[in-house]
Amino acid sequence: MGKTYARIDGRLRTFIEEQPVFFTATAPLSADGTVNLSPKGLKGSFAVLDELTVAYLDFAGSNAETIAHLRENGRITLMWCAFQGPPNIVRVHGRGEPVFRDDPRFGELLTHFPDIDTSAHGLRAVVVVTAELVRDTCGYAVPFMAYESERDLHARRFAREDDASLDAYFTKKEYIATSMDGLPGLPLPLPPSTV
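Bear in mind the structure is a predicted one, so any value in this text is a computation, not a measurement.

Draft legend 1. Spatial organisation of the overall build of the protein. Each helix and strand counted, the protein has five helices and eight strands in total. Secondary structure elements of the protein, listed N to C terminal, follow the sequence β-α-β-β-β-β-α-β-β-α-β-α-α. In the protein, which comprises 195 residues, the proportion classed as buried is 45%. By element, 54% of the accessible surface of the protein is carried by carbon and sulfur atoms, the whole surface being about 10,200 Å².

This is how it looks when you write it as structure tokens:
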């Protein structure tokens, strides 16, 4: 039932952009390393940059496994499921890179996310993913679920932070600067923003 696509455009792009949640999967090179799977939400925090490139905003959280894995090997899979409408699952397998706040590309990348207040969420990086394989599958077993609204908890928690307090928050967390497998995670002290 699955189909491979040469690019992210048309119906496929529309489907991806309409989903309120997606998932990221990464892993270290070590055979006994920890595989990481993370849900991502917050309307406006994902963008299709071109037919083979997507990006999402990486916000403050309790760990930085995705960043650590991308810094080590770049491998990432993104997945979207249709919880409403026709059944569908889309996966983008590719190479990802965290673009940190002190990177000259950071400011231009932020222009792709005009509908989200990045200052309210403790923005750490923009993750840019170049697609190597784009596929969809049926999604027949994915249940119907209704989207109600965005949660405001993340913004309420991190809107009160500035760079110094965010740095202190990240420094005290066990798996921010270093992953669960001992890989370099988020660079600390927190890089200053170029914007």
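There's plenty left to go through after this.
Draft legend 2. Fine view of the pattern of salt bridges. One pass over the full model with this rule turns up nine salt bridges. When the shortest N-O distance is used, the salt bridge between glutamate 17 and arginine 13 registers 3.0 Å. Residue glutamate 17 and its partner arginine 13 are located together in helix α1 (residues 10-18), separated by four residues, close to a single helical turn. The closest approach of N and O atoms between aspartate 152 and arginine 156, which form a salt bridge, is 3.0 Å.

Draft legend 3. Fine view of unusual backbone geometry. Put simply, leucine 188 and proline 189 share a cis peptide bond, and its omega is 0°. Relative to the assigned elements, proline 189 resides in the segment after α5 (163-172). The phi dihedral of leucine 42 falls on the positive side, at around 70°, and the residue is not glycine. With respect to the element layout, leucine 42 can be found in the loop between β3 (36-40) and β4 (46-50).

Draft legend 4. Molecular detail of α5. Looking at α5, one finds that the buried residues are Leu166, Asp167, Tyr169 and Phe170. The buried residues of α5 occupy one face: seen down the axis, they fall within an arc of 160°. Facing away from the buried side of α5 by more than 90 degrees, the exposed set consists of Ala164, Thr171 and Lys172. Contacts made by the buried residues of α5 are with α4 (153-158).

Draft legend 5. Representation of the environment of leucine 183 in the model. When you line up the elements, leucine 183 lands in the segment after α5. In sequence terms leucine 183 and alanine 31 are 152 residues apart; their C-alpha atoms lie 14 Å from each other.

Draft legend 6. Expanded view of the packing of aromatic side chains. Evaluated as defined, the whole model comprises six aromatic pairs. Both rings, one in phenylalanine 22 and one in tyrosine 56, keep their centres 5.5 Å apart while their planes meet at 70°; by these two values the pair is edge-to-face. Residue phenylalanine 22 is located in strand β2 (residues 22-26), and its partner tyrosine 56 is located in strand β5 (residues 53-58); the two are separated by 34 residues in the primary sequence. What makes phenylalanine 22 buried here is its relative accessible area of 4%. Through a chain of ring-to-ring contacts, the aromatic side chains of Phe22, Phe46, Tyr56 and Trp80 assemble into a single cluster. One cation-aromatic arrangement involves arginine 157 over phenylalanine 158; the distance from NZ or CZ to the ring centre is 4.5 Å. In this structure, arginine 157 packs its charged tip against the face of tyrosine 169, placed 4.9 Å from the ring centre.

Thresholds, definitions, all that
- Residues numbered from 1 in each chain as written.
- Predicted model: local features only at pLDDT ≥ 70, side-chain atom pairs only at ≥ 80, totals over all residues.
- Heavy atoms only, no water.
- Helix = DSSP H or I, 4+ residues; strand = E, 2+ residues; numbered from the N terminus.
- Buried < 20%, exposed > 50% of the residue type's maximum accessible area, 1.4 Å probe, protein only.
- Areas by Shrake-Rupley, 256 points an atom, 1.4 Å probe, with all protein chains shown as cover.
- Salt bridge = Lys/Arg side-chain N within 4 Å of Asp/Glu carboxyl O.
- Arc of directions from axis to C-beta.
- Contact = heavy atoms within 4.5 Å.
- Phe/Tyr/Trp six-rings, centres within 6.5 Å; stacked < 30°, edge-to-face > 60°.
- Lys NZ or Arg CZ within 6 Å of the ring centre and 35° of its normal.

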